[in-house]
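Each chain is listed here by its residues.
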Amino acid sequence: MKKGIAYYQVGDLFDYFMLIKASNKGVASNGKPFLTLILKDVSGEIESKLWEATSEDEELFQAEQLVKVTGEVNQFRGRAQLKIHSIRPAQPTDGVHKNDFIEKAPVEKEELSERITEIIFEMENSNLQRIVRFFIKKYQDALMTYPAAVKNHHEYVSGLAYHIVSMLNLAKELKGLYPAINKDLLYAGIILHDLGKMKELSGVTAPSYTLEGKLIGHIPIMVEEIGQAAKELQIETEEVTILQHMVLSHHGKAEWGSPKPPLVREAELLHLIDLIDAKMNMLNRSLEKIKPGEFTDRLFAMDNRSFYKPTFDE
């Protein structure tokens with residue numbers, strides 16, 4: 001077996017196990033049903049079609065099912081697609097385990113938890129610190145395991161905590177360059193900005209959007225939660241409104257999902273730091289899968305651009 005599906009090229013034959021991330025039923029032009037399967041391993045994911053799928057296939061091949069697949073990597077509309085030759089559920093005698101096919105953050109969750117705790121201890125504003133501690137206690141277990149997204153960036157186990165810690169590290173460097181930054185406000189905004197995703201997303205292994213996620217979204221969810229937490233903690237100060245604004249505006253623009261643009265210096269920084277970390281995560285993971293002198297696949301979240309990996313050393 002090669003390192004993972006992300007390293008297979010068009011024309012390569014595949015014969016190994018994969019985890020079903022998503023399974024969706026469709027009907028072909030000839031009226032026959034088929035399944036669109038998103039298959040994944042630790043290196044990435046690939047779309048595949050199971051043609052003329054039966055009702056039994058629909059029951060067998062669902063999200064979080066580990067399967068044995070043989071097939072060939074083809075290309076469809078500029079993206080790799082696995083043409084299935086055969087597929088079956090994995091058996092206990094196969095000696096494979098689901099956890100071996102789930103991508104995880106490159107840093108252990110214990111280390112991520114320690115780093116977040118360190119930053120909270122550095123905070124001096126008692127109101128902001130109390131609100132942050134409230135949510136860390138409320139979501140501690142989920143925070144250390146949840147992905148940051150369904151796709152595009154940090155979409156792996158502990159991805160949310162890793163994203164937060166990476167952003168906190170960036171913020172700490174920026175505080176050194178720009179001393180006027182309110183570090184407590186920026187740290188609080190970073191830690192809380194995406195916590196609504198623990199209600200927006202269904203789980204850890206094969207996340208999809210919940211009903212609340214589809215109809216409301218993680219930004220309004222978290223803004224409301226901050227308001228409720230402040231009432232419970234009996235905090236009625238400006239920090240609450242500013243913190244809600246930080247979350248409300250962190251996507252930057254209405255067309256990117258923010259009801260308000262950043263109107264506070266630290267809110268603008270939160271947006272930029274979030275953007276930098278998300279884009280670097282996508283780029284690094286795509287570039288590590290190609291050789292120098294090659295282009296990545298088109299990255300939808302990066303304006304559908306393909307990025308070149310230079311041949312000269314750093």
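One can find the structure itself at the top, above this paragraph.
Residues numbered from 1 in each chain as written. Predicted model: local features only at pLDDT ≥ 70, side-chain atom pairs only at ≥ 80, totals over all residues. Heavy atoms only, no water.

Caption draft 1: Examining helix α9 (residues 218–233) more closely. Given a rise of 1.5 Å per residue, 16 residues ought to cover 22 Å, and the 22 Å separating the end C-alpha atoms of α9 matches this to within 8%. Along α9, the positions that sit buried rather than exposed are H218, I219, I221, M222, V223, E225, I226, G227, A229, A230 and L233. Among the structural elements, α3 (126–138), α6 (183–192), α7 (197–200), α8 (211–215) and α10 (238–248) are those in contact with the buried residues of α9. Downstream of α9 by a residue or two, Q234 has a phi angle that is positive, lying close to 60°. (Helix = DSSP H or I, 4+ residues; strand = E, 2+ residues; numbered from the N terminus. Expected span 1.5 Å × (residues − 1). Buried < 20%, exposed > 50% of the residue type's maximum accessible area, 1.4 Å probe, protein only. Contact = heavy atoms within 4.5 Å.)

Caption draft 2: Layout of helix α5 (residues 159–177). Between the first and last C-alpha of α5 there are 27 Å, a value that for 19 residues agrees with the 27 Å anticipated at 1.5 Å per step. Within the span of α5, buried status applies to G159, L160, A161, H163, I164, V165, S166, M167, L168, A171 and L174. For α5, the elements touching its buried residues are α2 (109–122), α4 (140–143), α6, α7 and α11 (265–287).

Caption draft 3: Expanded view of the side chain of H250. The residue H250 is located in the loop between α10 and α11 in this model. Here D194 takes part through its side chain, which lies 3.4 Å from a polar atom of the side chain of H250. Once residues within four sequence positions are removed from consideration, H250 is found in contact with H193, D194, H218, I219, S258, L270, H271 and D274. (Polar contact = N/O pair within 3.5 Å; in protein donor to acceptor, adjacent residues only side chain to side chain.)

Caption draft 4: Structural context of the pairing of strand β3 (residues 44–51). In the sheet, strand β2 (residues 33–41) pairs with β3 via eight bridges, with the strands oriented antiparallel. Bridged to D41 within β3 is G44. Counted along the chain from β2 to the antiparallel partner β3, the turn is two residues long. When β3 meets strand β5 (residues 79–89), the two strands line up parallel, connected through three bridges. By the bridge assignment, K49 is partnered in β5 with K83. (Pairing = 2+ DSSP bridges.)

Caption draft 5: How the structure looks around the pairing of strand β1 (residues 13–27). Where β1 lies against strand β4 (residues 66–76), seven bridges are found, and the strand directions are antiparallel. Bridge assignment links L19 to a residue of β4, and that residue is L66. Pairing geometry for β1 and β2, over eight bridges, is antiparallel. Bridged to K25 within β2 is L35. Adjacent in sequence and paired antiparallel, β1 and β2 are bridged by five residues, among which G31 carries a positive phi angle near 85°.

Caption draft 6: Highlighting the layout of surface pockets. In this model, the second largest pocket occupies a volume close to 260 Å³. For the second largest pocket, the lining is made up of 14 residues, of which V42, E103, K104, R285 and E288 are closest to its centre. No other element matches the three residues that α11 contributes to the lining of the second largest pocket. Taken together, the residues of the lining of the second largest pocket sort by class into six nonpolar, three polar and five charged. (1 Å grid on protein atoms, 1.4 Å probe; cavity = no way out; pocket = protein on both sides within 12 Å on 5 of 7 lines; lining within 4 Å. Points joined across faces, edges and corners; volume = space filled by probe spheres on them. Nonpolar A, V, L, I, M, F, W, Y, C, P; charged D, E, K, R; others polar.)

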